[in-house]
Amino acid sequence: DWTEHRLECLFRDYMPDIDWKNRNASEAMIADALWWLERFDLDGARIDAVKHVDDLAVTNLAMRVNERFEIGGLDYYLKGETAMGWVGDDLAANAGEYEMINRYIGPNGLDGQADFVLYHAVVDNVFTKYATGDAAASDYQHLDYWTARSQDQYVDGATMVPFIGSHDVPRFASRADAGTADEWNQWVEQGLPGQPGDDSPYSAALQAFTWLLTTPGAPMLYA
């Protein structure tokens, strides 16, 4: 369980963990992040795999960004990625998902995070299932309800990040293609999915992007 064992799980055996309690390691990582922000005049940063490092790692980074760049009134946008799931069509059942994402947002933390609950609620259950004719597809009332929950379940003032796809999941058009059985293949040796056989996945993508670009927050576009 990547949440229960978030600090012990190992993605790959060739990726050794970093001990953020070690001051030298922590300072090296923070210095690198500050260098990228300053050297390339960035407006913010994406903080990956937030729940898999000690909480102090996020706090230390956010506070150092504040001390270095924000004293004069600038506001750098720190967007986190805390991958969570979906526990069904019940708000109370998803409380733990919201809670873990919220855990890292605040004045001494992140400004917002990728909205994984909304992704699973809408992309998994509405757009892709409807496009493929899945009888289990949810309707637009479902979409409206869970979109609204993204406005009242997160920390006040947070700028959340809705999305319909990322580098971690199969491409939207492949998932919305009823004519493929290889949409979940993500590696060349598996046989990557080809172009859709008709226009329906593209129509679904137009609807999904329209929803994305009219939803409050900082929408993430993954080309």
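Structure: above.
A brief report on the enclosed structure follows. (Residues numbered from 1 in each chain as written. Predicted model: local features only at pLDDT ≥ 70, side-chain atom pairs only at ≥ 80, totals over all residues. Heavy atoms only, no water.)

1. Some words on the overall build of the chain
Item 1. Scanning the chain from terminus to terminus reveals seven helices and three strands.
Item 2. In sequence order, the chain lays out its α and β elements as α-β-α-β-α-β-α-α-α-α.
Item 3. For the chain, the spread of C-alpha atoms along the principal axes amounts to about 55 × 40 × 35 Å.
Item 4. Sequence-distant contacts, at least 24 apart, represent 70% of the contacts inside the chain between residues at least 6 apart.
Item 5. Carbon and sulfur atoms form 53% of the exposed surface of the chain, whose accessible area is close to 12,800 Å².
Item 6. Positive and negative side-chain charges in the chain, numbering 15 and 37 respectively, have mean positions lying 6 Å apart. (Helix = DSSP H or I, 4+ residues; strand = E, 2+ residues; numbered from the N terminus. Contact = heavy atoms within 4.5 Å. Areas by Shrake-Rupley, 256 points an atom, 1.4 Å probe, with all protein chains shown as cover. Lys, Arg positive; Asp, Glu negative; His and termini not counted. Charge placed at Lys NZ, Arg CZ, Asp CG, Glu CD.)

2. Some details on the pattern of salt bridges
Item 1. By the definition in use, this model includes nine salt bridges.
Item 2. Residues Arg6 and Asp55 are paired through a salt bridge, measuring 3.6 Å at the closest nitrogen-oxygen approach. Placement of Arg6 in the segment before helix 1 (23-39) and of Asp55 in helix 2 (residues 55-70) is noted, with a sequence separation of 49 residues between them.
Item 3. With a relative accessible area of 11%, Arg6 lands in the buried category.
Item 4. Beyond isolated ion pairs, a larger network of salt bridges with shared partners links Arg6, Asp55 and Arg103. (Salt bridge = Lys/Arg side-chain N within 4 Å of Asp/Glu carboxyl O. Buried < 20%, exposed > 50% of the residue type's maximum accessible area, 1.4 Å probe, protein only.)

3. A closer look at helix 1
Item 1. In this model helix 1 runs 24 Å from its N-terminal to its C-terminal C-alpha over 17 residues, within 8% of the 24 Å that 1.5 Å per residue would give.
Item 2. Buried within helix 1 are the following residues: Ser26, Ile30, Leu34 and Leu37. Summarising the axial view, the buried residues of helix 1 lie within an arc of 60°, below the 170-degree limit, and thus occupy one face. Facing away from the buried side of helix 1, by more than 90 degrees, are the exposed residues Asn24 and Arg39.
Item 3. Considering only its buried residues, helix 1 is in contact with strand 1 (44-47) and helix 2.
Item 4. One side-chain oxygen at the N-terminal end of helix 1 lies 2.9 Å from the backbone nitrogen of Asn24; it belongs to Asn22.
Item 5. Asp41 sits one or two positions beyond helix 1 and adopts a positive phi of about 50°. (Expected span 1.5 Å × (residues − 1). Arc of directions from axis to C-beta. Polar contact = N/O pair within 3.5 Å; in protein donor to acceptor, adjacent residues only side chain to side chain.)

4. Observations regarding the packing of aromatic side chains
Item 1. The full count for this structure, using the stated rule, is 11 aromatic pairs.
Item 2. Summarising the aromatic geometry, the rings of Tyr98 and Tyr154 are spaced 5.2 Å apart at their centres and angled 70° between planes, so their arrangement reads as edge-to-face. A residue pair is termed long-range when its members are at least 10 positions apart, and Tyr98 in helix 3 (residues 95-102) and Tyr154 in the loop between helix 5 (140-152) and helix 6 (172-175) qualify at 56 residues. When sorted by exposure, Tyr98 lands in the same class as Tyr154, which is buried.
Item 3. Between Phe127 and Trp211, the aromatic rings sit 5.9 Å apart at their centres with planes inclined by 55°, giving tilted as the arrangement. Taken as a pair, Phe127 in helix 4 (residues 116-131) and Trp211 in helix 7 (residues 200-213) lie far apart in primary sequence, 84 residues in all. Each member of the pair Phe127 and Trp211 is classed as buried. (Phe/Tyr/Trp six-rings, centres within 6.5 Å; stacked < 30°, edge-to-face > 60°.)

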